[in-house]
Amino acid sequence: MTSTFNAALSEAVDLLRALPRRRDDVPEARRAVARWRESRPATRAQLVADVRPGSPIVDYDLVLAHPDGGSVALTAPADDGVPWTVDHSTHWASGRVVTVDDFALLIQNALLTLRARAERDTTIQDELIDYCILSDLTGKELPPTQEELQQASDAYRIRNGLRSRDDMMRWLDAVGLNETAYTSHIFGLALKQRVRARIERETARDYLERNPAEFDQVWALWAEGPEDRLAELAGAPDPAEALVRALTGRDRISVHTAEGPALDLPEPLRAVPEKGVVGPVPHGRHHLLGVVRERRPADPSDPAILAAAGRAGFAEHMAERRAKADITWHWL
């Protein structure tokens with residue numbers, strides 16, 4: 001009897017792994033299990049379908065009667081690249097990613113945050129903690145206005161290249177969301193944008209007064225590449241002209257030029273005075289050689305400079321909140 005059950009168990013695993021996992025295909029999956037049960041009546045096999053909230057994806061358990069009494073439950077999530085903690089997020093603990101000051105971040109919101117992450121110089125962990133902090137702050141806000149919701153939705157769709165309803169529906173299907181879940185996400189996003197805008201306004205001028213050099217308008221040239229080649233350029237009579245020639249030629253280095261706030265430049269260049277040269281110094285995967293050709297003091301009345309200072313002030317504010325927060329990771 002045991003060998004017979006072991007053989008049935010092996011077949012059941014193969015069956016379970018082959019079942020279609022879309023919500024619309026559940027009837028087909030049940031028919032497949034019913035056909036298999038006819039060939040293995042002693043198992044009294046029962047299929048349990050677990051439909052994920054707001055998702056077209058379905059998970060299955062297959063329950064078999066054991067010959068010695070009781071039952072055996074099998075589960076075989078498809079290898080779709082989703083971590084175990086995500087597939088089993090309905091459990092109260094596995095559904096949590098992190099708790100910050102008693103605010104619990106659920107796995108579904110975490111995944112949305114990661115999908116929408118901007119090209120910022122922060123770690124994934126910092127972004128998730130920021131999500132918790134901002135979500136906690138938005139709990140004290142009034143509901144977003146229709147204008148705020150529309151602005152948040154428009155910005156999100158443009159950022160993700162969703163320029164038509166068909167694009168949106170395909171995207172929702174691809175990420176396993178329905179329109180209700182998307183609307184809920186935009187509701188929270190609009191409140192977070194409101195809170196962020198307020199913090200930027202409140203911190204901009206103070207940050208600019210404390211860090212004026214970060215917003216000097218700088219015209220700079222720099223190159224990244226092997227240290228030996230950059231050292232050769234740095235030893236030229238005029239390193240700036242050497243970089244200009246390298247910019248127009250074919251070389252082992254990548255050469256860049258930019259004019260804007262010092263804060264936007266590579267870190268080694270931000271404090272370099274006018275006509276100053278820095279490098280070669282380690283930078284990222286290579287070395288950097290840079291020249292500051294012009295540097296003009298920041299104009300504190302310039303709206304663009306104030307906006308940049310607000311963004312920097314917001315980043316500083318969030319870093320301070322992260323440093324003070326009581327953080328518990330549930331997935332590590």
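One can find the structure itself at the top, above this paragraph.
About the cut-offs
- Residues numbered from 1 in each chain as written.
- Predicted model: local features only at pLDDT ≥ 70, side-chain atom pairs only at ≥ 80, totals over all residues.
- Heavy atoms only, no water.
- Helix = DSSP H or I, 4+ residues; strand = E, 2+ residues; numbered from the N terminus.
- Buried < 20%, exposed > 50% of the residue type's maximum accessible area, 1.4 Å probe, protein only.
- Contact = heavy atoms within 4.5 Å.
- Expected span 1.5 Å × (residues − 1).
- Arc of directions from axis to C-beta.
- Core = buried A, V, L, I, M, F, W, Y, C linked by side-chain atoms within 4.5 Å.
- Pairing = 2+ DSSP bridges.
- Axes fitted to C-alpha atoms, helices over the stretch in contact; angles between N-to-C directions.

(A) Representation of the side chain of Arg194 within the structure. Its location among the elements puts Arg194 in helix H8 (residues 179–210). Arg194 gets classed as buried once you look at its relative accessible area, which sits at 18%. Setting aside residues up to four positions removed in sequence, Arg194 forms contacts with Glu141, Leu142, Pro143, Pro144, Thr145 and Glu148.

(B) Looking closely at helix H1 (residues 2–18). For H1, which comprises 17 residues, the first-to-last C-alpha distance of 24 Å matches the rise-based estimate of 24 Å (1.5 Å per residue) to within 8%. Along H1, the positions that sit buried rather than exposed are Phe5, Ala8, Ala12, Leu15 and Leu16. Mapping the buried residues of H1 onto a view down its axis gives an arc of 90 degrees, with all of them on the same face. Facing away from the buried side of H1 by more than 90 degrees, the exposed set consists of Ser3, Asp14, Arg17 and Ala18.

(C) Molecular detail of the nonpolar core. Counting 18 residues, the largest nonpolar core has Leu19, Leu47, Tyr60, Leu62 and Leu64 as its most contacted members. Where this core is concerned, the elements lending two or more residues are H1, helix H2 (26–39) and strand E2 (58–65). Membership of the second largest hydrophobic core comes to 15 residues, among which are Ile129, Tyr131, Met318 and Ala325.

(D) A look at the sheet that holds strand E9 (residues 286–296). Ordered in space as E7-E6-E9-E8, the four strands form an open sheet in which the pairing is antiparallel. The sheet is open, and its two edges are formed by strand E7 (254–261) and strand E8 (277–283), each paired on a single side. The sheet shows a mean angle of 25 degrees between the axes of neighbouring strands, taken without regard to direction. The sheet contact formed by strand E6 (residues 217–225) and E9 spans nine bridges and is antiparallel. Across the sheet, residue Gly225 finds its bridge partner in E9, namely His287. Contacts from helix H9 (residues 227–234) reach E6, E8 and E9, with the element oriented near 35 degrees to E9.

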